[in-house]
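This is what each chain is made of:
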Amino acid sequence: MLKSVIVLVRTLGTSKPNLILSQTRFASQALPQLSATKYNVRRKDFGVVQSEDVNYFKSILSEEQVLTEESDVLPFNIDWIKNCRGQTKVVLKPKSTQQVSQILAYCNERRLAVCPQGGNTGLVGGSVPVFDEIVLSLGSMNKIISLDETSGALVCEAGCILETLDNYVRDRNLIMPLDLGAKGSCHIGGNVSTNAGGLRLLRYGNLHGSVMGLEAVKADGTIVDCLRTLKKDNTGYHLKHLFIGSEGTLGLVTKVAVHCPVLPKAQTLGFFGVKDFDSVLRLYRSAKASLGEILSAFEMADNYSIQSTSKNLNLPNPIADFPFYVLVETHGSDETHDSEKLNRFLEREMGSGLILDGTVASEPAKMQTIWNLRESIAGAGLLEGYVYKYDVSIPVGHYYDLVPKLRERMKGVTTKVYGYGHIGDGNIHINVTVPKYSKQATALLEPYIFEEVAKLKGSISAEHGVGFRKPQFVHYSKDPAALDLMRDLKRLMDPNGILNPYKVLPDP
Ligand code: FAD
Ligand code: 2HG
Ligand code: ZN
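For clarity, every value in this text was computed on a predicted model and none was experimentally measured.

Colleague: It is not clear to me how the site of ligand 1 should be interpreted in this structure. Could you clarify?
Modeller: Residues in close proximity to ligand 1 total 36 residues, the closest being Pro-116, Gly-118, Gly-119, Thr-121 and Gly-122. Here an oxygen atom of ligand 1 and a side-chain polar atom of Thr-121 are 2.7 Å apart. Contacts to ligand 1 include Gly-197, whose backbone N or O atom sits 2.9 Å from an oxygen atom. Look at ligand 1: alone it shows 960 Å² of surface, and the protein chains cover 98% of it. Elements with a contribution of two residues or more to the shell around ligand 1: β3 (114-117), α7 (188-194) and β9 (252-259).

Spelled out as structure tokens, the structure:
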């Protein structure tokens, strides 16, 4: 039976820190293999950092902004899932746009390659170097510049942590337009550079819509000021979009202006068990029809995603064992109105047998427990060994097709294949856990998955980007003329190719 059918919609509290990042990040002390060896990459013809270069950086930055000790630079070389390892010897931590500009102008002149880094939570290897690219870490550029509480325009530096911004605007009755499991570490500059999606894209849209303006620095050090806070500005080409989602290959994002929606007065979160994938789809249609404008998230997870996360991280699962789980969240402005809608939806779908069991929460702590279980799936698999992560968009009718297919294909290899994600956006995360990375497992998975996604007219990267792991597969989702145009833009904006090489663009 549903634990709370009568829903008391309560005022939202501030979010709690996300513990999963710290729990999983240092779970394994073993260093991953060097990316260059693992993926057989040849170093491009860039300059090699000399002691004079380091001296130059020390002359324009202070001593503590230039890291060269091996133990200091190591964390900047390894990605979150410990799949990629670069070989940088220098990490620079600029504190202003001018410093970024000076660094890039110098690197461009000397043909020194650069890898921009935000919170280093990216899941496609884009945030860490492959060889000895200089890491430009934006973490020290973390000032909030202004907030217009009437328009909701927040202006800040790129290195601000998403959760810090969310807490700041919540105190002023606004929220950030995006939310993701990595919020406690990822930077707004990283979010913009990856066009991060997350848990509420369904309601608040993607960053191409929410970013009002930005400031970026080109490879040659030129500062491009598009930092407007206007909703409407049709003065020629919409240049901000070139930097949103280009993963640091066209410029360094240094400041952003983001539109923050109003803090919803009322919020509820339902967590339901259903018998099969078809029921997930039927429930989604019903939720859209019944909840309309108050629906703010609709997420799904299969049995293994939830059970293994609950077990590996010792997190409570508030309901029993079901083949599939669904999270339905509402954000609204009127408690009575929202409760009525939600109760009608629940009564109908419990009556129809679509919802087998579930729980509905409106207290911040309870909602947090449920969200934490969902947000922790990404890290829980890392405790079982090596995780292949595939973040794809698939037309929703075929959303889950690939999971059983992959289970069949991977028979004989010790694996767990599970699927979960933002079904409201047609975005599934297929995770494949193996005890250890192996060429045999990789060969069974790639390019097979991308071919299957292309056959279904999906995208090989829904929200995480292309990074280092997917350039050779990007043609499954981009036509040759579009890829040529991407290369033309890259040549125009970064003629020496110093910005995040080996990422996003496939070699011709
Ligand atoms: P980084 O990882 O440091 O960098 C990502 C890319 O952006 C790299 O290519 C880097 O070079 C570039 N970059 C970073 N900062 C800048 C800058 N200022 N200028 C230019 N280029 C820059 N992603 C989603 O979309 N949705 C999710 O729901 C989601 N959930 C996640 C949950 C967990 C637990 C984890 C670990 C990751 C999740 N991610 C998700 C992926 C990741 O958090 C996002 O891609 C995030 O936007 C990356 O931000 P970051 O600051 O960590 O960037
Ligand atoms: C999520 O939605 C993230 O939890 C991570 O995008 C997905 O790790 C993954 O596969
Ligand atoms: Zn996701």
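Back to the write-up after that little detour.
Colleague: Explanation requested: the sheet that holds strand β2 (residues 91-92) in the structure shown.
Modeller: Two strands in a sheet stick together by hydrogen bonds in their backbones, pointing the same way (parallel) or opposite ways (antiparallel). Strand order across the open sheet formed by 4 strands is β1-β2-β4-β3, with mixed pairing between neighbours. The outermost strands of the open sheet, each flanked by one partner alone, are β1 (66-67) and β3. The sheet contact formed by β3 and strand β4 (residues 134-137) spans 4 bridges and is parallel. Pairing of Pro-116 across the sheet is with Leu-136, part of β4. Running at roughly 165° to β4, helix α5 (residues 97-110) makes contact with β2, β3 and β4 of the sheet.

Colleague: Hey, could you run me through the site of ligand 2 in this one?
Modeller: The environment of ligand 2 is formed by Leu-123, Arg-374, Ala-378, Lys-389, Tyr-420, His-422, His-429, Asn-431, Glu-463 and His-464. A distance of 2.8 Å separates an oxygen atom of ligand 2 from a polar atom in the side chain of Arg-374. With respect to ligand 2, the side chain of Glu-463 contributes an N or O atom lying 3.0 Å from an oxygen atom. Burial of ligand 2 by the surrounding chains reaches 88%, relative to a free accessible area of 300 Å². Broken down by secondary-structure element, the contributors of at least two residues to the shell around ligand 2 are β15 (416-422) and β16 (427-434).

Colleague: What is the right way to look at the coordination of the zinc ion (ligand 3) in this model?
Modeller: Under perfect tetrahedral coordination by four donors, a metal shows angles of 109.5 degrees; under perfect octahedral coordination by six donors, it shows angles of 90 or 180 degrees. For the zinc ion (ligand 3), every protein donor is listed as His-422 (NE2), His-429 (NE2) and Glu-463 (OE), and the spread of their distances is 1.9 to 2.1 Å. Between consecutive donors of the zinc ion (ligand 3), the numbers of intervening residues give the motif H-x6-H-x33-E. Of this pair, His-422 sits in strand β15 while Glu-463 sits in the loop between α18 (448-455) and α19 (480-493), and the two are 41 residues apart along the sequence. As far as burial versus exposure is concerned, His-422 and Glu-463 are alike and both buried.

Colleague: Before we go on, may I ask you to explain the packing of helix α16 (residues 402-409) against α18 in this structure?
Modeller: When two helices pack together, their arrangement is given by the angle between the helix axes and the distance between those axes. Orientation of α16 relative to α18, taken along the N-to-C sense of each, is 150°, at an axis distance of 12 Å. By the angle between their axes, α16 is roughly antiparallel relative to α18. With respect to the hand of their crossing, α16 and α18 are arranged in right-handed fashion. Note on element contacts: α18 touches α16 through Tyr-448, Ile-449, Glu-452 and Val-453, opposite Leu-402, Lys-405, Leu-406 and Arg-409.

Criteria and thresholds
- Residues numbered from 1 in each chain as written.
- Chains lettered and ligands numbered in written order.
- Predicted model: local features only at pLDDT ≥ 70, side-chain atom pairs only at ≥ 80, totals over all residues.
- Heavy atoms only, no water.
- Near = heavy atom within 4 Å.
- Polar contact = N/O pair within 3.5 Å; in protein donor to acceptor, adjacent residues only side chain to side chain.
- Areas by Shrake-Rupley, 256 points an atom, 1.4 Å probe, with all protein chains shown as cover.
- Helix = DSSP H or I, 4+ residues; strand = E, 2+ residues; numbered from the N terminus.
- Pairing = 2+ DSSP bridges.
- Contact = heavy atoms within 4.5 Å.
- Axes fitted to C-alpha atoms, helices over the stretch in contact; angles between N-to-C directions.
- Donors = N, O, S within 2.8 Å, 3.2 Å for Na, K, Ca; no water.
- Buried < 20%, exposed > 50% of the residue type's maximum accessible area, 1.4 Å probe, protein only.
- Parallel < 35°, antiparallel > 145°, perpendicular 65-115°, else oblique.
- Left-handed = near helix turned anticlockwise from the far one by under 90°.

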